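Overview (structure and organization)
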Amino acid sequence: QVQLVESGGGLVQAGGSLRLSCAASGSIFSINAMGWHRQAPGKQRELVAAITSGGSASYADSVRGRFTISRDNAKNTMYLQMNSLKPEDTAVYYCNVDTRVRDPYKWGKGTKVTVSS
């Protein structure tokens, strides 16, 4: 079974940056459209960034221009570079497939991002 492990979260001031990483136990990145999702307290999980197997990226309006998704298929690792962070970016961030195109693998524990104002 595929295992996904997110890391890189933390506490940062508004305007700061963080880089999240996602490691997978299997070679899933090269065959799937992948995505970074987040769940803020009291809200549903939402997809904020996605990348196709061909490398094309897309973003939610709320993060476009500030977040950059990338991946290294050879290392089975995916990244989310987050710049100009805002308090509303505070959430637990998860990596998984792009859930618009297929059902997710088992969700990992996520990595918590807290942005202070």
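Overview of the structure.

The rules behind each value
- Residues numbered from 1 in each chain as written.
- Predicted model: local features only at pLDDT ≥ 70, side-chain atom pairs only at ≥ 80, totals over all residues.
- Heavy atoms only, no water.
- Helix = DSSP H or I, 4+ residues; strand = E, 2+ residues; numbered from the N terminus.
- Rg over C-alpha atoms; globule rule 2.2 N^0.38 Å.
- Buried < 20%, exposed > 50% of the residue type's maximum accessible area, 1.4 Å probe, protein only.
- Contact = heavy atoms within 4.5 Å.
- Areas by Shrake-Rupley, 256 points an atom, 1.4 Å probe, with all protein chains shown as cover.
- Lys, Arg positive; Asp, Glu negative; His and termini not counted.
- Charge placed at Lys NZ, Arg CZ, Asp CG, Glu CD.
- Pairing = 2+ DSSP bridges.
- Axes fitted to C-alpha atoms, helices over the stretch in contact; angles between N-to-C directions.
- Disulfide = S-S within 2.5 Å.

1. Observations concerning the overall build of the chain
Broken down by element type, the chain carries zero helices and ten strands. Walking the chain from its N terminus toward its C terminus, one meets helices and strands in the order β-β-β-β-β-β-β-β-β-β. A compact globule built from 117 residues should have a C-alpha radius of gyration of about 13 Å, and the chain, at 13 Å, falls within 12% of that. The C-alpha extent of the chain, read off along each of the three principal axes, is 40 × 25 × 25 Å. Within the chain, the proportion of its 117 residues that are buried is 45%. Restricting the contact set of the chain to residue pairs at least 6 apart, pairs at least 24 apart contribute 54%. With the model as given, the accessible surface of the chain reaches about 6100 Å², and the carbon-plus-sulfur share is 46%. Distance between charge centres in the chain, computed from 14 positive and 8 negative side chains, equals 4 Å.

2. Focus on unusual backbone geometry
We note that Asn-76 has phi near 50 degrees; this positive angle belongs to a residue other than glycine. By relative accessible area, Asn-76 is classed as buried at 16%. Even without a glycine there, the phi angle at Ser-84 is positive, about 50 degrees. Using a relative accessible area of 41% as the deciding quantity, one classes Ser-84 as partly exposed.

3. Describing the pairing of strand β10 (residues 111–116)
Burial of β10 is one-sided: the residues Thr-111, Val-113 and Val-115 facing one way are buried, the residues Lys-112, Thr-114 and Ser-116 facing the other way are not. Summarising the sheet, strand β2 (residues 10–13) and β10 pair through four bridges and their orientation is parallel. Bridge pairing in β10 places Gln-13 opposite Ser-116. Direction of pairing for strand β9 (residues 91–97) relative to β10: antiparallel, over a ladder of three bridges. Looking at the pairing, Val-92 lines up with Lys-112 of β10.

4. Some details on the sheet that holds strand β4 (residues 34–39)
Spatial strand order, β2-β10-β9-β4-β5-β6: six strands in an open sheet with mixed pairing. Only two strands of the sheet have a single neighbouring strand rather than two, namely β2 and β6 (57–59). Each neighbouring strand pair of the sheet contributes to a mean axis angle of 25 degrees, computed without reference to strand direction.

5. Focus on the state of the cysteines
Enumeration according to the criterion identifies one disulfide in this entry. Two residues share a disulfide in this structure: Cys-22 and Cys-95, whose sulfurs sit 1.9 Å from each other. Between Cys-22 and Cys-95 the sulfur-sulfur dihedral comes to about 60 degrees; the bridge is accordingly right-handed. Of the two residues, Cys-22 sits in strand β3 (residues 18–24) while Cys-95 sits in strand β9, which places them 73 residues apart along the sequence.

So, to be careful, I would describe these as geometric facts and stop short of saying anything about function.
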